[in-house]
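Structural overview for review
Each chain is listed here by its residues.
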Amino acid sequence: MYRYYYNPNMRVTGVVASATGDVNGDGVPDIVYVTGYRESDVSIIQNMALGFRDGATGVSVSIPLKENIGYDPMLFLGDFTGDGINDILINIPTGGSGGTTNNYIYSFVNNEARLLFDSDAFNQTYTYDVTYKDDYKVEVWSRRNNKRYIIDLSQRDPEYLNGLYDAGGKLKEPVSGWVDPISGLYPIDFEFDNMYDLIAYQQIAGTFHADGLGTIQNRLKWNGYMFVLDYQDLAIYGVEGTGRS
């Protein structure tokens, strides 16, 4: 079992999130925490670092995080690799308009820190092209796995469509959208075996950021060395349409 703790009132450098559980494999609960600095209870947290205190020896280790600025970090302890030992998932909301997050997973087996997942590396690997097509369609191409999805815009507001298409459904000019970096990374135990996979959400934007077309949902599974894509789909909201892979 593990516990979550979030302290929203830190005005000096200190612990801003913590969890308790065995993460080094010796059977003794350890304390995992995130430290950081904030000037007020609503300000951004700076200089965040991951901390680990060995429950058996009391020895503490601090690891600076690459992207160390954000809001209200969240910790989750669970087994992502199948070795029966808790790993550490850190989610840090950036506060940006797209609701993006910085995410890391660390293993501390035998008190050795090992980075298993880095959202920045994921975002550089999982890239997309979002291209408006004739006949009120948008094509989303997932480069990583060479899959294409089609979103049907025909039920969108006529004023929106008239700004993009002529009366015959032809694009007036080339239009492209984009896919945001990770906006949510969630652990899910699909097989009820106490081993967690990951679901990574990425929002699809159309002509502007608030013009949401849908969400890419990537299911990631540990293959013994790294997290790899196990399944991908596209969820559509605000329009009628289909996603296909």
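An account of the accompanying structure is given in this report. Since we're looking at a predicted model, the values are computed, not measured.

Bringing the sheet that holds strand E7 (residues 87–93) into the picture now. Pairing is antiparallel across the open sheet formed by four strands, whose spatial order is E6-E7-E8-E9. Every other strand in the sheet has two partners, leaving strand E6 (74–78) and strand E9 (114–118) as the edge strands with one partner each. Between one strand axis and the next, the sheet turns through 20° on average, direction left out of account. Both E7 and strand E8 (residues 101–107) contribute to a ladder of six bridges, which runs antiparallel. Residue Asn91 lies in a different strand from E8, and its bridge partner there is Asn103.

A few words on the environment of Ala121. Here Ala121 shows up in helix H1 (residues 119–125). On the basis of relative accessibility, which here comes to 40%, the residue Ala121 falls in the partly exposed class. Separated by 63 residues in sequence, Ala121 and Gly184 have C-alpha atoms that sit 15 Å apart.

Our focus in this paragraph is the layout of surface pockets. By volume, the largest pocket amounts to about 260 Å³. Surrounding the largest pocket, 17 residues form its lining, Phe117, Ala121, Phe122, Met226 and Phe227 being those nearest its centre. Of all the secondary structure elements, the ones that give two or more residues to the lining of the largest pocket are E9, H1, strand E15 (212–222) and strand E16 (227–236). A total of five residues in the lining of the largest pocket trace back to one element, the largest contributor, which is E9. Of the residues contributing to the lining of the largest pocket, the split by class is 13 nonpolar, one polar and three charged.

Cut-offs and rules
Residues numbered from 1 in each chain as written. Predicted model: local features only at pLDDT ≥ 70, side-chain atom pairs only at ≥ 80, totals over all residues. Heavy atoms only, no water. Pairing = 2+ DSSP bridges. Helix = DSSP H or I, 4+ residues; strand = E, 2+ residues; numbered from the N terminus. Axes fitted to C-alpha atoms, helices over the stretch in contact; angles between N-to-C directions. Buried < 20%, exposed > 50% of the residue type's maximum accessible area, 1.4 Å probe, protein only. 1 Å grid on protein atoms, 1.4 Å probe; cavity = no way out; pocket = protein on both sides within 12 Å on 5 of 7 lines; lining within 4 Å. Points joined across faces, edges and corners; volume = space filled by probe spheres on them. Nonpolar A, V, L, I, M, F, W, Y, C, P; charged D, E, K, R; others polar.

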